[in-house]
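# A look at the structure
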Amino acid sequence: METLYADFKNEPYLDFSKDENRNKIQSALKKVKGSLGKNYSPIIDGKIVASADSGDGSAQSVNPAEPDMVIGSITEASENITEQAIQSCKKNFISWGTTPVSERAQILKKAAEIFRKQKSELSALEILECGKQWREADGDMCEAIDFLEFYAQEAVHLFELKQMGSEPGLRNTLYFKPRGVAAVISPWNFPIAIPVGMIAAALAVGNTVVFKPAEVATACGYKIYEILKEAGLPDGVLNFLPGQGRLIGNYLVRRPDVSLIAFTGSKEVGLAIIEEAGKTPKGQNHVKKVIAEMGGKNAIIIDSDADLDSAITGVLQAAFGYQGQKCSACSRVIVLDSVYDKFTSRLKEAALSIKVSPAEDPGSAVGAVINKGAFEKISQYIEIGKKEAQVLVQCEIPQGTTGYFVKPTIFCNVQPNHRIAQEEIFGPVLAVLKVKDFDEALKIANGTQFALTGALYSRSPKNIERAYKEFEVGNLYINTKCTGAMVARQPFGGFKLSGVGTKAGMKEYLLQFVEMKTVSENTQRQGFAPETI
Amino acid sequence: MTKFNSSYNTYSMSDIEVKIQRLGHNIFSQCRKQTPSIFNKDWWSGKMLDLSMSNKNFKLQLFRFIDVFPSLTSNEDIRHHIQEYFNRDDLHLPATLKFGLLAMTEGITSSLALLALKKNIHHMAKLFISGQNIEEALPQLKNLWDSEISFTTDLLGEKALCEKEAENHLQQYLNLIEKLSLTSSAWKQSSQLETASWGKIPRCNISVKISSLNSQLDPLNFDESLIVLKTRLLKIFKKAQDHNCTVYLDMEHYELKDFTLALFKSLLEDKALSNFQEAGIVLQAYLKDTERDLLQLIEWGSSYQRKFYVRLVKGAYWDHETTIARLQNWPCPVFQKKEHSDANYEKLTNIILDHTNVIRPAFASHNIRSLAHAITQAHQRDLSPNSFELQMLWGMAEPIKKALCQMGYRVRDYVPIGDLVPGMAFLVRRLLENTSNESFLRQSFVDNEEASGLLRAPHFDE
């Protein structure tokens, strides 16, 4: 088998068994807490802008585990400001698009270096603003650094001219050019890594970017802007637009000067973007390219011969890690009849042993969900689940908290057509389904609109081989949990209604951010042609 | 440089090196003609290990099959797995074995053949695991004691998934101490096993894996994990104090190393244990950190005026640590060359023997060179033979134990107790250890390498 990216070294996670690493995060948390409450405003051409119709700064980003703790106030961008940002990007595309790829790559690598230096503070900010546990936040930082390094490296390779065919007489060259203005609309669940990935890919190949972070992750989003600027990114190549997705996002998607939309978020919003972006309003001489990573209803299959110790640990981490708020999270576990009782009884006890507490607590296994809206939506699904199926276990939440804590809940006796087995909940809610054999397990696993991640715990070589071929997901994991994809090792992304576009974290991802051109030049003159090109 | 310092080893050998070699050859000469039971080819397990050593693909499939075996509940299941694991062209199995394996999957003899297979795998497990529970293990411990070998017992089941399991493990350890102390008190006296230079030592001795006592143990959550585990271990240590029992904290994966050391210190600093002299900790020579850890332990022990046991081992998670470090892009915590671990073992041995005012040494190894070095270095320091002990794993290296025991040293077996399912991780580690090219036992008793080569002094850089 061919090995790809064997030379790429992923940024190592912090080893939290070392006290110096625990201390780093602990003191960063203190430091960050002491400097909260900044205002975040739109930044265009390197300057803070506001207009009559922009927000009054009363919008806030808060700590979901402690909503009284304000992370920062937000001056929301208006349509008018959004248009200014697009025009700035359009203007600056001329120079950025023709800047040598090596220079662009250098800036991204410099940014990676700055991220490395600020890793602890950024992790602390994520812990406070988005409720990510320590390891989750650290993982997000490492992934962001990987995206910067990897896309910088691969963009340079991509822009080396390629010759097609080797026959004499006609020289065929393939090369790439950037598309133009990219709109990056990013989620809050990987508040640094996902926007950095989309931005880095767009910038590396020469596009300029209007960046709209998720509003609940505004402070994290601003840090990305700040670091790229410090790394030497020229003003106006990346414009920062905090504010409401509904307003700014909708506007960006409709504008003729936007060439490309990179989105990660819900299926509903993603499909709406794809539909809207398909239109070609007057003055738009291109079809917009949409890269959308949407949702999942990811399943883990537990085979009759699975190693239950690792399966249960894996299921709980995949289902409840970051409160289940990952597109890769496990929300269904499909268990073969012969191990069902053993598995569910141990799963139940294991779930009862985990701690629900603010992400800031190093012992937190499950923290608060992102905001009130998420809290209400997940709570509704738990009510639906109670009607459809049976509660296997519900964990306790901290007493007297004002945070958005929902009780992590596992349902059993779930049927494949139940809503809790079909719809993405995006919270710590897990449906357990019993099946008679491996055929049925695969059928149910594949029986949703989605095809993002999945896992199989099995020690049967035959069933493992079948899963390779028949388990319909973009990222399949065997005997390990279905979350935690790494750049260049597990390029991430799915199909069906889970998304359109190539996987993030591999070279081919960059192809979506460029146009391809081939040039064929006749090299003969009166029958005389050079032997080699 | 003297003129004797030539390329001839015998000339350049220091006096102490000559003594180590002499003792090593002496031990070798007493045990070379015997075969440790695991390599006995009259048994199925010996045959399987033999084939594993020459056939890498078979070894992989066999170990994976053994790993899945305890979770297979029906004959049908076992048949499928045999087919899937062994009916492969890349194994190049001898015809008789292939025929034998496939006979289990079809035909009228299939059920009988499966029965034999189950018996064989259980037999293999029983080579390393003394019994499924304390009742089964007690007669084995009595036999050991009667043959002048002492023991430390360990309950298998290394990881607790939930607090119920952790509480259950705690109860089992408490129960173990009670039963051991009650039963062993009736056994015969043995001055070789019960007298140390500092006084009488307990018959009862247990080894505890801390990961079995808290399902939420996570070094990231250091302080809270420490509180929970300390509370549980205090119960074990107090019970041990009441029943005159030694307790070792086993050392597990590198991830838990710093935590385990901190926990050990915290326990001994507790007022409730201020008179407890029977605590022990394990240090792994394959870790680059261990020298520093040992020196810190000695300093801590001196300042708190505590005496405790240190069991020095090479370390049993080498493959795991190496894989994790590569997977995570972390610096590898273990020496990559086995010789470096061996050299470090000797270095640490010397440090330990220089600090017997704090440490009661236990040298755990199956490597005759390492043991001969420790014994000779102790002798060199005028330490009496009962001021330290030698530890080995139950079911392994019987000829070496016998030889050392006859020489008058206190030999202690590490005796695991437990079911096959929780014991599987332990079993697979033992199988890996015994079939590794670098296994001292394999080199000595299977490959029959020259004693002089096996006894050569290990160095850090060669």
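Sequence positions are assigned chain by chain, starting from 1 and proceeding in written order. Ligands are numbered from 1 and chains lettered from A, in the order in which they are written. The predicted nature of this model means local features are confined to residues of pLDDT at least 70 and side-chain atom pairs, given and counted, to a pLDDT of 80 or more, with totals for whole chains, interfaces and linings taken over all residues.

Let's shift gears to the overall build of chain A. When you go through chain A residue by residue, the secondary structure sums to 14 helices and 23 strands. Its C-alpha atoms give chain A a radius of gyration of 24 Å, near enough to 24 Å, the size a compact globule of 533 residues would have. The principal-axis extent of the C-alpha atoms belonging to chain A is close to 80 × 60 × 50 Å. Exposure classification rests on a simple neighbour count of other C-beta atoms within 10 Å of a residue's own: a residue reaching 20 or more is buried, one at 12 or fewer is exposed, and one in between is partly exposed. C-beta atoms are placed from the backbone. Scored against the burial criterion, the 533 residues of chain A give a buried share of 56%. Only DSSP runs of H or I with at least four residues qualify as helices, and only runs of E with at least two residues qualify as strands; both kinds are numbered from the N terminus onward. Computation of the radius of gyration draws on C-alpha atoms alone. For the globule rule, the value is 2.2 Å times the number of residues to the power 0.38.

This part is about the interface of chain A and chain B. Residue pairs are scored as contacts if the distance between their C-beta atoms, which are placed from the backbone, is within 7 Å. Residue-level contacts link 31 residues of chain A with 27 residues of chain B. If you list the elements that add at least two residues to the side of chain A that touches chain B, you get α1 (19-33), α4 (134-158), α9 (308-320), α10 (337-353) and α13 (461-470) of chain A. Looking at the side of chain A that touches chain B, the element that brings in the most residues is α10(A), giving six residues. Side-chain classes follow a simple rule in which Ala, Val, Leu, Ile, Met, Phe, Trp, Tyr, Cys and Pro form the nonpolar group, Asp, Glu, Lys and Arg form the charged group, and the remainder, Gly included, forms the polar group. Residue composition of the side of chain A that touches chain B, grouped by class: ten nonpolar, eight polar and 13 charged.

It is worth spelling out unusual backbone geometry at this point. Glycine aside, residues mostly have negative phi, and peptide bonds are mostly found in the trans state. At Gln323(A), a position not held by glycine, the phi torsion is positive, near 60°. For Gln323(A), a count of 33 C-beta atoms within 10 Å gives the class buried. For Gln305(B), which is not glycine, the phi dihedral falls at a positive 50°. In this structure, Gln305(B) sits in the loop between α13 (290-304) and β7 (308-313). You can call Gln305(B) exposed: it has 9 C-beta atoms within 10 Å.

Further remarks concern the nonpolar core. As a rule of thumb, soluble globular proteins bury nonpolar side chains together. All names here are of chain A. Judged by nonpolar contacts, the single largest core of 300 residues is most densely connected at Leu-148 and Ile-302. Ranked by residue count, the leading element in this core is α4, at 13 residues. If sequence neighbours within four positions are ignored, Ile-302 has contacts with Ala-311, Val-333, Ile-334, Val-335, Leu-336, Val-339, Phe-343 and Tyr-457. To count as a nonpolar core, a set of buried Ala, Val, Leu, Ile, Met, Phe, Trp, Tyr and Cys residues must be joined through C-beta atoms within 7 Å.

Let us look at the packing of α1(A) against helix α3 (residues 101-130) of chain A. All names here are of chain A. At a minimum axis distance of 8 Å, the contact between α1 and α3 shows a crossing angle of 65°. Overall, the two elements α1 and α3 adopt an arrangement that is roughly perpendicular. Note on packing geometry: the crossing formed by α1 with α3 is right-handed. Contact residues: α1 offers Lys-24, Ile-25, Ala-28, Leu-29, Lys-31 and Val-32, while α3 offers Ser-120, Glu-121, Ser-123, Ala-124, Leu-125, Ile-127 and Leu-128. Of the residues in the contact of α1 with α3, the class split is eight nonpolar, two polar and three charged. Angles here are taken between N-to-C directions and fall from 0 to 180 degrees, while the axes themselves are lines fitted to C-alpha atoms, restricted in helices to the stretch in contact. In this scheme, roughly parallel covers angles under 35 degrees and roughly antiparallel covers those over 145, while 65 to 115 is roughly perpendicular and the rest are oblique. Here a crossing is called left-handed whenever its near helix is offset anticlockwise from the far helix by less than a right angle, and right-handed whenever the offset is clockwise.

Turning our eyes to something else, we now look at helix α2 (residues 15-31) of chain B. Residues and elements named next belong to chain B. For a helix, the expected span equals 1.5 Å multiplied by the number of residues minus one. For α2, spanning 17 residues, the distance from its first C-alpha to its last is 25 Å, which sits close to the expected 24 Å at 1.5 Å a residue. Among the residues of α2, those classed as buried are Ile-20, Gln-21, Leu-23, Gly-24, Ile-27, Phe-28 and Cys-31. Seen end-on, α2 carries its buried residues on one side only, within an arc spanning 165°. Projecting away from the buried face of α2 at angles above 90 degrees are the exposed residues Asp-15, Val-18, Arg-22 and Ser-29. Regarding the arc, it is the one traced by the directions from the helix axis to the C-beta atoms.

Our next topic: the sheet that holds β7(B). Residues and elements named next belong to chain B. If you walk around this closed barrel you meet the eight strands as β1-β4-β5-β6-β7-β8-β9-β10, and the pairing is parallel. When strand polarity is set aside, the average angle formed by the axes of neighbouring strands in this sheet is 30°. By this definition, two strands are paired if DSSP reports at least two bridges between them. With three bridges connecting them, strand β5 (residues 245-249) and strand β6 (residues 279-284) associate as parallel partners. Looking at the pairing, Val-247 lines up with Ala-279 of β6. Against the sheet, helix α11 (residues 222-242) engages β4 (204-208), β5 and β6, with an angle of about 150° to β5. Against the sheet, α13 contacts β6, β7 and β8 (359-364), and its axis sits at roughly 160° relative to β6.

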